[in-house]
Structure formats: structure tokens, C-alpha cells
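# Close look at the chain arrangement
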Amino acid sequence: MNRALSRRQFLIGTGGLAAGLIAACAMPAAPMEDDATEGSGMTGELTIDMQYVPGKVTADTPVALHEILHIASEYEDMHPGVEVIFEEPFKATEAMTQPTYFRAGAAAGTLPDITFTYGLTFIYDKDTIVPTTEYLNQPNHYIPAGQPGSSRWLDQWFEDVHPIVLADGNNYDIPVGWGGPGLVIAYNKEIFAEAGLSGPPEKTYYDYYQACEQILDMGTIPVESTLLSWEWDRMVDYLVRAMGLFELIDINGDGFCDDVEQTRAAVAGIVRLDSPYWVEPTRIWKEATNYYQPGYLQMAQTTSAIGYGEVFMTEQTSMVWNANRIWPQLMELGGTDKFGVFNLPRLTNKLTPWGEEDPTWLIARGTESKTVTKTARERGHIDLAVDFLKFMTTPANTARLIHERLGTNLVLPTIKGLEDLEVDDDVKGLVSDYEADTAKPGFSSDRIGDWHFWYEWFSAIQAYFADDMTLEEMIQIQIDVLPTFIENFLVDKELHAEAAEWEKMQADYTPPPWGDYTVPNEPFVMPFNA
Amino acid sequence: MSVQTADAGLDSKLWSGRRRALRRNLTAFLFLLPTFLFLAIFMYQPTVNVIYHTLFRWDGFTVERYVGFKNFITMVNDPNMHIASRNLGWFFLGWMLQRISPFLVAELVFNLKRERSKYWYRTLFVLPMVVPFLVTIMIWKFIYNPLPTTGVLNRMLGSFGLEQWQTAWLSEPSLVILALLFVSFPWISGWPFMIFYAGLQQIPSEVLDASVMDGCNVWQRMVRIDIPLVVTSIQLVAIQTMIGIIQEFAFVLIMTAGGPAKASLVPGLLLFMAAFRGDQMGYGATIGVTMFIAIFILTLLSFRYTTSPFARTRRTRET
Amino acid sequence: MTGQTVDRPFTSSPDAAPVELGARFKSALHHALLLFLLLLTFFPFFIAILTSLKSFQQLLSNFWLPAFPLQLHNYVMAWNEIYRSIINSSLVSLGAVAGVLLCASLASYAFARIDFAWRDGAYYLVLSLLMIPGVLTLIGRYLLIVQFGLMNSLWGLILPYIAGGLAFAVFLLTGFFSDLPEELFEAARMDGGTELQMYRLIALPLSRPIMAIVGLLTFLSTWGDYVWPLLVLRSPEKFTLMLGLAKFTGNSQVMFGPLMAGYVIASVPTAIIIILMMRTFAGAALVGAFK
């Protein structure tokens, strides 16, 4: 079976160049497409891209993933005539957003039958993806009778991580992995012990920042991180949930806020950038960067002259964010004797008046979903694609995929029936959050406006953090640019008629309970310093 | 058919002349075919395509809606563009200085007495050109590393007891452009040095001897003789630098990605970000076309008010 | 411009001893200044090479001086990480050089030696591309590559590189071909040589130095490009050297030693090529080409 990544391509204008170069540069010959003979449904070449190319080391998967290859192999054995081919994911260089690659692939006709998405937080053009609602209501015949999913595929998933329904009422994605607080923080046990900390901070941000403070008192830099918005994102999630805004935004009630829903919320005034859920996390975050290593403003993971994690690995900081990226090195440098990991903490009211006394619920978001593309439709592969996805999402197979990634990139199981999974207690705790219904899907604040808006937002954050700008000015910049990007979105999706309706909603809508909140310009005071 | 005597000869001559011209044209066409094929596909078509799409809201693939001159209006009002242009102004000044300053070093080397030392200095000064630019950039990133232990510059300051000067060089909005301009200090190694030196070498030795006879000192000679005689080299460097600077962004992308807080944002980077990270190809195209117009006007102006370096290239080759 | 005299050896007066002393002092100052500038120029590279031979512990304890034992395995690590991208870069650059030389020499021969209709117009059509900034066509070229299905393929680099290098190459080569003495071609024409024969047997052999220069310039510009491969290539095994280095730099598996070793290795191919060129006929002409 050919596991090599094959790409359909055609080489143009190659005449006149040296023949040796042709031989050397040409990629494995493009497979001749005998599409005409396919289409009977359950035979043919099924092409898939995974978020991380199987068998390859990437920044996020420092240990290459292999389980999916075994699963595909087993599927092929069960279905003679089927060949599963893994293609490169669309998003593999930092320069491109996944939707851009998706659209490029759609335009060039090179989309695979099944593509990965981030839980469809971006709206794709409807004719490029295939609705899967009807399939989700069919039984998954790979599941033994009586277990969830055997009569209806949809039942396999936990309630709150149901496949996302887009604003048009259709379902397009099959969630495979969901990131909970999947960004693992690693800590140096020796430095922690020196600072008098017996273990990782408890579950809340409060404990995390207090630990940072203790380490800083000792003269050590607490955290290595980059200026990525992980901390901020999660806090916005929590606060949106805590203020009861989530239900207002999520009009189709599927527990997820897609692009249209969020644009609508911005037009209708539900998403407000001068509201506490947006402003407070920024304030807290600025103070939190006091615990970061010098130069965090400049650090980008891919182009810095110091590799990510190096400051931590050379024991110049006590903690590092996104530790899954450096997992193998940590194992080499002393393993679990020397390093421990914990998950991103949660919010309590010790940090803001809008949190809860106990650590709030777990917030999770789609990290890897599968979507059937128009290529499958054109090649008559929809049934085959769906059947493979059913096989892939059985609890047994999902368990294998999840288990493999625990050491590298923590992904939460999204489906039931994984109780026997051999995982560490932290993860078991997260799974039990679903079962106890204390896990909630995120609001995905990073989908308001387009990337351009995010650039504005990010640059303003930098200016604010560098004390070049007050918080008020920063928020004002965001408020100023938001309409432009809403307008662009409406133009792209031809949603002006709907937008007119949304604007009318402003009148009916009672402002959420933040009273006479105004953007504060004084720094946030960490509770233990107050 | 019967009266074709002398006329027929003339006619056939004409015909053969025409046929020869036709054959020449055909030959030339075949010679030019590969070049124009490449240029048509990869240069003319993209240029026309991009210019045309400045009038659209366009993501390059599916969204393509005519918006008239809205992109240009957006650009003129875009605060990012204002910041980027201001930064570009600083980069322009700094890089111009960088590219012209090797002239002084070229003079220093040129005025050495022994041919052997001239040869060695010259070779050594151009030697770092073998290092790819990206590598130089990354080494400088190492120099600017923010940590006091592993940053070259910070460590150096530390060993001189100047800890209070240690800083994260590339994440201070007020410092970042200066830090970027100081990359590859003292800026000698590069093609401007080679051009200046070659220019100095072409000054006829009689002129130099005469200047000595007249008792010129070094400074006078440089200002009165060398600079006027190598002025085309300086113009060439200046124009090339200008064209290069306006569209430069890979350097900034690698060093700071325009940050912190847009303090090192340049128009080229804005184009790159809008087009390839923001899916706003139409807006990116608009920035590109504006840069093209700016380059075009500046180049025309410099041709108008200076001697064309290209004209000079041909002349020098003839000699 | 401290205090060097303009005296050339043959004009200095041997009988003025005090002047001689002052001149010697000035000369020493002159050399000192140049040496200082050299030192500054080489300092970053010196540090890079030094660091490439150290472990992290050695770097922390002994930053400025060589530390022993030398960590040569840094180079092994770096090599394993980037040799693949060196091969890719070589394929791309050599492909581009071959394409540019072939197309440009053909076209330039036609411009310089064949008198055909609209010759000037066609020539200026090519030259006008020198005015088109690369960023302008970036978007258009990217979309073309997507439509042609050349994403993540080395052809997606080679073909646009050929097109991008042609204008300047045609400009240089046409100038050179026009300067070749007409008598050579006249004689060949008398013997009934075709244009293709004259191109192959007369123009090409005589133009080796200028071809070398065009080739070198194309090679260097494609070798060092970062943005275009960043847009076109996706899978690490296809990365060109500059992308490979950037990835290597961002990749957390490296420490300073291997990283700097990678930089040193990456400089070797261009160093070899430039030094070879300097040693051969093209070296002198190289400077002329920039003029």
C-alpha cells in the first residue's frame, strides 16, 4: 500500500530544462485518476488530510503520530478495494490560515475527500463542504449493539461536544478531538521545591499567579511564554459563559458560536468590546506578563533566534506554556522526576467578580474535526468517507488516537465509552468533567472580525503592554476597526439583508449585568498583592 | 505569364528579400518564444491581474466583488498605512546612509599605499557576502537576544558593568527601528562597497597624480575629485537601494514581524499580511500597485535629475 | 578619513625624514582604523562560529572564548536537520540558473543580432519588467501557482524564479552580445550558418564570463529567497535551505550550538561558489557587472 503522500499536480512549461532536474524534482508521479470506474461507493482511493501528517514530527507533535495509519490499514483490510491515502494538511506553513489553504485547494481542485477543520469556526463556502446531518442520524454499524452510537451515530458524542451545527441548520463536521485546556504547562520540580511549592498550582488562575509570585520573590523568572492569546482567550470564554451571553450568541443552540452567529452578536450589540468580559482579561493578562521572561513581546515561536522552550530547559524559568512542543526534550533532560505538567487553570471570583467561587467549568473547543469535501461528492466518495469516519470514531479507535497524543499534545476525548482508557489522572478528571456536565464548549472569541482585526487587536495589545498606550485607547482602537471588518464579512457572505434584521435586535436586547462598567486605566492588582 | 523579363527578376528579388525578412522574424520569434512564454505567464499576467483586482474586494479565490476605488480610499485612511509609511521613512533614511557609507571605507582602502594590503582589505571586507542574508539576520537575532545570559549584546553590556542598559532590543517600540537599522553594523560588506571601489579604481591615475601636484589634501581630493567622478556609482547604489527599500519586508518579517505594536511595520509587510494572512488580496494588490507607482515615480525622477546609471552601464562596457 | 597622505609610493619624497615619521604614524592609524572596522564586520560571524562549537553549559560559563572540548557533534546534528533542504535549494537554484541562462541567451541573441520587426518594442517590453517590484506580482504569482497545482512543489519555485530572473539577464546579455564584433557573424553567415548555429558556435562560447555572472546572480538571489518558498512550500521535506533554517531556528529541539552550526553549514555552499567565481575569470568581471 502506498503510504507516500501523493499529490495530483500537473507540471506545465517544463520543456527546455535539464532532464536530470526533471527526474530529481518531480514528485512521485501523480496517480492516474480513474474516477470513472469509482463511484460505486465503497471502493477507491480515499484521500484525507489530518491536522498533523501521520508519521511526521511537527512542532506540535514532537513524537510522530502513527495510530491513524494502523487504523486506516485495518479499514483497508476490512474493505478490499479501498485505499486510504493521507495527504498533507492544508495548514502546514505558518504563512497561511487553514481557510486560505482550503479555498486554494477548492479552487485548484486538489481538496482531499476528507479535510480537517478547527470545528468549523470558520465558515466555508457551502458548496465546498458536504452536510453530514443525515449520516449522523444513521446507526454506526461499527459499534456493538446497545452502546451509544449503535442506533444513532450522533449519540456517541458527549452532549456539549456535539458536532457543530452551522447557522444554516446543517451539520458539516465530525469532531475527533477537542482541545480542553489542552495547552499543557510544564514546571521544573526543583525550582518549585526551592520556592517552597510542593506541587503544581491548584486548578485556578489565582493559584497559578500566586505560585508565580512566590517564584519571582525567589529571584527566578516564573514563566516562559510568548504573546499568544491563550490565557486571554480562555478568560474571555469563561466570562462570556459566566455572564450568560453565550446563549444569546448561540442562536441555533448547538452549543457553539460560529462566524455568522458571532458577527450577528457584534452587529446586535451582544458582543461589546468595552464590556468587562473583553477588557478584564486584558488587564489581568498585562499584569501576568510581569511573570514572563524578558523579551516576550518579541518572541514568535517560529522565527525567534531562541527555540521555544529553551529558556525553560536551561532552567532560567520555572514554567513554560505549550509544553507539549518540547515534551521529548523534557523527557531526555530528566523526565517526570524533574518536570511535571499541569493544565491551564480556571477562573474563580478571586480574580474577577464575574467568576464563581469554585473553579468554573472546563471550557473546551474544537481542535480537530473532519469535514467531507466537494471532492468526495465529485468522486462519488461520500458514503465511503462517512463510513471511514464512522470506523475512525468508534470508542476503541478514538481511544487509540487520544492515547497516542497524550504525551505530545493533549486532546480531549469527545465521545463516550472511553472509560477504560489508560491515561493519567488529570485527563481522567477532564473526561469526568464531561460526564458530570461541567465541561462547556468555548465561545471562540477569536472569530470576531477577520484576521485583520486580530492584527489590530494584537498590535494594540503590544502597545498597551509596552506602556505606549492606555487600556482605554487600546479598546477604542478595537472598537474603531470592528465595523470595517464586520462590513467585509457581510460583503463576503452576502449577509446584508440579515444584518439589517440583526441591527433591529439591539432594541429588544437587555444589556447584560455589568452595570455601569467603564474601561479602567489603572493596572489590575493581583489579589494576593491587594 | 509571358512578359516577365527584367521585372520578374526584380520581383523575385523582392520576394526573396521579403521571405528572408519573414524567415528572420520567424527565427527571432522562435528565439524569443521561451522567454516570452515565461514572462507572459509569470510576470505580465500576474501584473495585469493584480492591477485589475485593485478595484475588487477579492480573496483570490471565491469572493470577488467590484468595489471601485474603495480599496484606495481605505488605504489612504488606513492608520496602519500611516504607521507603515512613517516607519518606512526612518528605514529609508537609515538604509540610505548604510548603503552610501561604505564609500568612506572604500576611500580608506583605496588610499592605502601597498597594492597587497589593498587587495587583502578589499577581499576581507567583501568576504562576509558569502553568508546568506537570512543567516546574517538570524545571527543578529542572537545578538539581540533579550536574556542577560545568552544575548550577545546584553552579555557584553553586563561584562562592562552596564546592566542597567540591558534590554529586550527588539521588543521596545522606541528602540526597535534603531536596532533593526544596526543589523550588520558597520554595513561595509556588500555590493555597494564593491561598486564604490570599482568606481574609484576607474579614476584615471593622471587625475590623481595631478591632484597631488596641486597640493590637494585627502579631504579636498575626495570631495572635489573622487565624488564627482564616481557619482554615477553613488547614484546607482542610491536608486537600487531606494527601489529595494520600498518593497522590503522579508527582513522585518523575520526579525520582528512588524512588532512590537507596529513599531516596525512597513508597507510591504502590510501587503503580505493583508493578502496572505487576512485573505484580502484586493487590498494587498492595492498596496502593491501603490508601491509600484511610488517606485516608478522615484525612478523616473532620479533618471530625470541624474545621469542614467543604465546608460552608463552600456557605455562602460563599450570601453 | 584620518590622516593618510595621498602620496603614492612613486611620488613620495625620500629625503624628508620628519614627514616620513608622521606618515608612518598616519599609516599606522589608517591600518588601525581599517582593522577595527574589519573586527566589527567579522564579530557576529566570529561569535556564531564560536558558539557553534559549544554546549549550552559551555556557552553560559565561557561566552567569549573557545571552550574545550569542542562540540563537533553540533555540526552533525545541524547537518542531519538541514541537508535535505540544501539538496532542495540546490535543485531549485540550479534549475533556475539553467532556465534563465537558456531562455535569456536565446532571447538576447535575437535582440542583439537578429534584425526583426518590433525589435525595440519587444526589448523594452522585457526591460520594463525591471521596474515591476516583486511584491506587486507576489499575489498574482501565488494564485497562478495554486491554479496550476504547483503548490508544495519545487517546480512552483523554479518556474517563477526563471521568469523573475529573465529581465535582468536579458538586459545584461543583450548588451554583451551587441558588443561582439560583427565580423565573426558575417563570416559565419557567408558560410551559410543558421542563426541557431551562430548562437551556439559563436555567441555562446564567447559569452562564458557574462553567462557565469548571470548564473551567479540568479543562483544567489534564488538561494537566499525566503518569502516565495514560505508561500509555496508546505511539507518540511520540500523546504529550501532558508525555510529549513527558519524552521530549524524555530524548532525547539535545538540549542544555540547546533543552531549556529546550521548557520555555518548554510554559508558553505554560497562561499564555495563565490570563491570559485572570484578565482576564475568571472571574478574581475563580476564587479564590472554591477557597474
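Residues numbered from 1 in each chain as written. Chains lettered and ligands numbered in written order. Predicted model: local features only at pLDDT ≥ 70, side-chain atom pairs only at ≥ 80, totals over all residues. Heavy atoms only, no water.

As annotated in an unreviewed UniProt entry, chain C is Carbohydrate ABC transporter permease from Caldilineaceae bacterium SB0664_bin_27. You can read under Subcellular location (unreviewed entry) in the UniProt record for chain C the words "Cell membrane". (UniProt positions renumbered as here; feature names shortened; annotations may be inferred.)

Going by an unreviewed UniProt entry, chain B carries the name Sugar ABC transporter permease and comes from Caldilineaceae bacterium SB0664_bin_27. Within the UniProt record for chain B, the comment given under Sequence similarities (unreviewed entry) is "Belongs to the binding-protein-dependent transport system permease family." Recorded under Subcellular location (unreviewed entry), the UniProt text for chain B is reproduced unchanged: "Cell membrane".

With that settled, consider the UniProt feature "transmembrane region" (unreviewed entry) in chain B. Mapped onto the present numbering, the UniProt feature "transmembrane region" (unreviewed entry) falls on residues 26-44, 88-112, 124-143, 175-198, 249-276 and 282-305 of chain B. In residues 249-276 of chain B, the share of helix is 57% and the share of strand is 0%. The end C-alpha atoms are 14 Å apart. (Helix = DSSP H or I, 4+ residues; strand = E, 2+ residues; numbered from the N terminus.)

Residues and elements named next belong to chain C. Assigned domains of chain C: these are domain 1 (17-52) and domain 2 (74-290). Once you take the C-alpha centre of each, domain 1 and domain 2 turn out to be 36 Å apart. With four residues of domain 1 at the contact, the number on the domain 2 side is seven residues. Note on domain 1 versus domain 2: buried area summed over both sides is about 390 Å², and carbon and sulfur give 68% of it. Sorting the residues of domain 1 by area buried against domain 2 places A48, T51 and S52 first, and these three jointly supply 88% of that buried surface. Across the contact surface, domain 1 and domain 2 share zero salt bridges. (Domains from an automatic or database assignment. Contact = heavy atoms within 4.5 Å. Buried area = accessible area lost by both parts, 1.4 Å probe. Salt bridge = Lys/Arg side-chain N within 4 Å of Asp/Glu carboxyl O.)

This part is about the interface of chain B and chain C. Size of an interface: often given as the accessible area lost when the parts come together. If you look at the interface, chain B gives 103 residues, while chain C gives 100 residues. Overall, the association of chain B and chain C removes approximately 9,300 Å² of surface from exposure, summing both partners, and the carbon and sulfur fraction of that is 81%. Scanning the region where chain B abuts chain C turns up zero salt bridges. The interface formed by chain B and chain C holds nine residue pairs in polar contact (both at pLDDT 80 or more) in total. At 19 residues, helix α1 (residues 6-52) of chain B tops the list of elements feeding residues into the side of chain B that touches chain C. Split by residue class, the side of chain B that touches chain C holds 70 nonpolar, 22 polar and 11 charged. (Polar contact = N/O pair within 3.5 Å; in protein donor to acceptor, adjacent residues only side chain to side chain. Nonpolar A, V, L, I, M, F, W, Y, C, P; charged D, E, K, R; others polar.)

The positions that UniProt labels "domain: ABC transmembrane type-1" (unreviewed entry) are, in the present scheme, residues 84-302 of chain B. In the segment residues 84-302 of chain B, helix accounts for 69% and strand for 0%; the C-alpha atoms at its two ends are 24 Å apart.

What follows covers the pattern of salt bridges. Opposite charge on two side chains permits pairing when their charged atoms draw close. Residue and element names in this part refer to chain C. Under the definition given, this model contains 16 salt bridges over all chains. In this structure, E182 and R113 form a salt bridge, with 2.3 Å as the shortest nitrogen-oxygen distance. Linking E182 in helix α7 (residues 182-190) with R113 in helix α3 (residues 73-113), this pair joins segments that are 69 residues apart in sequence. When salt bridges with common partners are traced through the structure, they connect R113, E182, E186 and R189 into a single cluster.

This brings us to unusual backbone geometry. That bond from B:F185 to B:P186 is cis: its omega, 5°, falls within 30 degrees of zero. Going from C:F68 to C:P69, the amide bond is cis rather than trans, its omega being 0°. Counting through the fold element by element, C:P69 comes out in the loop between α2 (56-61) and α3. Notably, C:W118 is not glycine yet its phi reads approximately 55°, a positive angle. With a relative accessible area of 76%, C:W118 lands in the exposed category. Phi at C:N152 takes a positive value of approximately 60°, unusual for a residue other than glycine. By the secondary structure assignment, C:N152 is in the loop between α5 (134-147) and α6 (155-179). By relative accessible area, C:N152 is classed as buried at 0%. (Buried < 20%, exposed > 50% of the residue type's maximum accessible area, 1.4 Å probe, protein only.)

All names here are of chain A. The buried fraction of strand β8 (residues 339-343) is high, at four of five residues. With five bridges connecting them, strand β5 (residues 184-188) and β8 associate as antiparallel partners. Looking across to β8, one finds that N188 is bridged to F339. (Pairing = 2+ DSSP bridges.)

Quick look at the nonpolar core now. Within the largest apolar cluster, 166 residues are counted, with the highest numbers of intra-cluster contacts made by C:F111, C:I139, C:Y142 and C:Y226. A total of 17 residues in this core trace back to one element, the largest contributor, which is α3(C). If sequence neighbours within four positions are ignored, C:F111 has contacts with B:L32, B:F36, C:F116, C:R119, C:A122, C:Y123, C:V126, C:V170 and C:T174. Judged by nonpolar contacts, the second largest core, of 87 residues, contains A:C212, A:V271, A:Y296 and A:I461. (Core = buried A, V, L, I, M, F, W, Y, C linked by side-chain atoms within 4.5 Å.)

Of all five residues in β5(A), five are buried; the element is thus mostly enclosed. Burial of β5(A) is two-sided: the residues A:V184, A:A186 and A:N188 facing one way and the residues A:I185 and A:Y187 facing the other way are all buried.

Attention now moves to the confidence of the model for chain C. All names here are of chain C. Here chain C averages 82 in pLDDT, and 87% of its residues register 70 or above. For residues 1-16, every residue scores under 50 in pLDDT, and the model assigns this stretch 30 contacts once sequence neighbours within four places are set aside. Within the model, the stretch residues 285-291 combines pLDDT values under 50 with 19 contacts to residues more than four positions away or in other chains. The complex model carries a pTM of 0.79, and its ipTM stands at 0.82. (pLDDT = per-residue confidence, 0-100.)

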